[in-house]
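Structural overview for review
Here's the letter readout for the chains.
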Amino acid sequence: DQDYDSKGKLSRTIHKERHLSTSPEIIVDNRYEYDWYGNIIKVKRVQPLSTVDASMTFTYDYTKPLINANYPIGNFSLLDPEISVLRYMGFFKLNPHHLKLKDSVVLPVYPGTVVTNYYDQKVNSAGNLLEYKMATNFITPQKGGNAITNPPVYIKRKLSWKSRW
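So, a few notes on the structure that sits alongside this text. It should be emphasised that the depicted structure is a prediction, and the values quoted were computed from it without experimental measurement. (Residues numbered from 1 in each chain as written. Predicted model: local features only at pLDDT ≥ 70, side-chain atom pairs only at ≥ 80, totals over all residues. Heavy atoms only, no water.)

Here we take up the packing of aromatic side chains. Both the distance between ring centres and the angle between the ring planes are used here to describe each pair of aromatic rings. Across all of its chains, the model carries three aromatic pairs by this definition. Residues Tyr-60 and Tyr-62 carry aromatic rings whose centres are separated by 6.3 Å and whose planes lie at 50° to one another, so their mutual orientation is tilted. Residue Tyr-60 is classed as buried on the basis of its relative accessible area, which comes to 7%. Three or more aromatic residues joined by ring pairs make a cluster, and in this case those are Tyr-37, Tyr-60 and Tyr-62. (Phe/Tyr/Trp six-rings, centres within 6.5 Å; stacked < 30°, edge-to-face > 60°. Buried < 20%, exposed > 50% of the residue type's maximum accessible area, 1.4 Å probe, protein only.)

Moving on to the pattern of salt bridges. A side chain of one charge can pair with a side chain of the opposite charge when the charged atoms of the two come close. Throughout the structure, instances matching the rule amount to six salt bridges. With a closest N to O distance of 2.7 Å, Asp-29 and Arg-12 form a salt bridge. Placement of Asp-29 in strand S3 (residues 26–34) and of Arg-12 in strand S2 (residues 10–17) is noted, with a sequence separation of 17 residues between them. A relative accessible area of 10% places Asp-29 in the buried class. Here Arg-31 ties to Asp-29 by a salt bridge, and the two come within 2.7 Å at their closest N and O atoms. For Arg-31, a relative accessible area of 36% puts it in the partly exposed group. One continuous salt-bridge network, built from bridges that share partners, spans Arg-12, Asp-29 and Arg-31. (Salt bridge = Lys/Arg side-chain N within 4 Å of Asp/Glu carboxyl O. Helix = DSSP H or I, 4+ residues; strand = E, 2+ residues; numbered from the N terminus.)

See below:
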């Protein structure tokens, strides 16, 4: 099931999930929050069987508006595999209206945080994102409050935008 807010943005998804064929089915409740501009800023997964809710947050540079941008949804699949289906069906739009700086996912099932930073982003005068680099780290908490930050994975991506007319 999906719910939408007054602006037509996806605000909640509810679905049943089973981690193993022998495990009981659980109901997963995902909540979506947006900023004033319509950029997604938070996804919170409320699970009845988890002591810590999973969440994903997004950070933007509001001084740099965008007309066309496309960032990967890889970390989303860690939080909610069904989000890819909703996106391709047109129910969930992830194209931001401003330059994305960072996203991070907190996962209680696999303790730790996945943080992706976006940098060296190139935008043309029309507001199209043409290129960016990203670095993804997995940060694992340790006893005593310290954390291990694994070496980042770097990716460079180039985009091309074509007029529909």
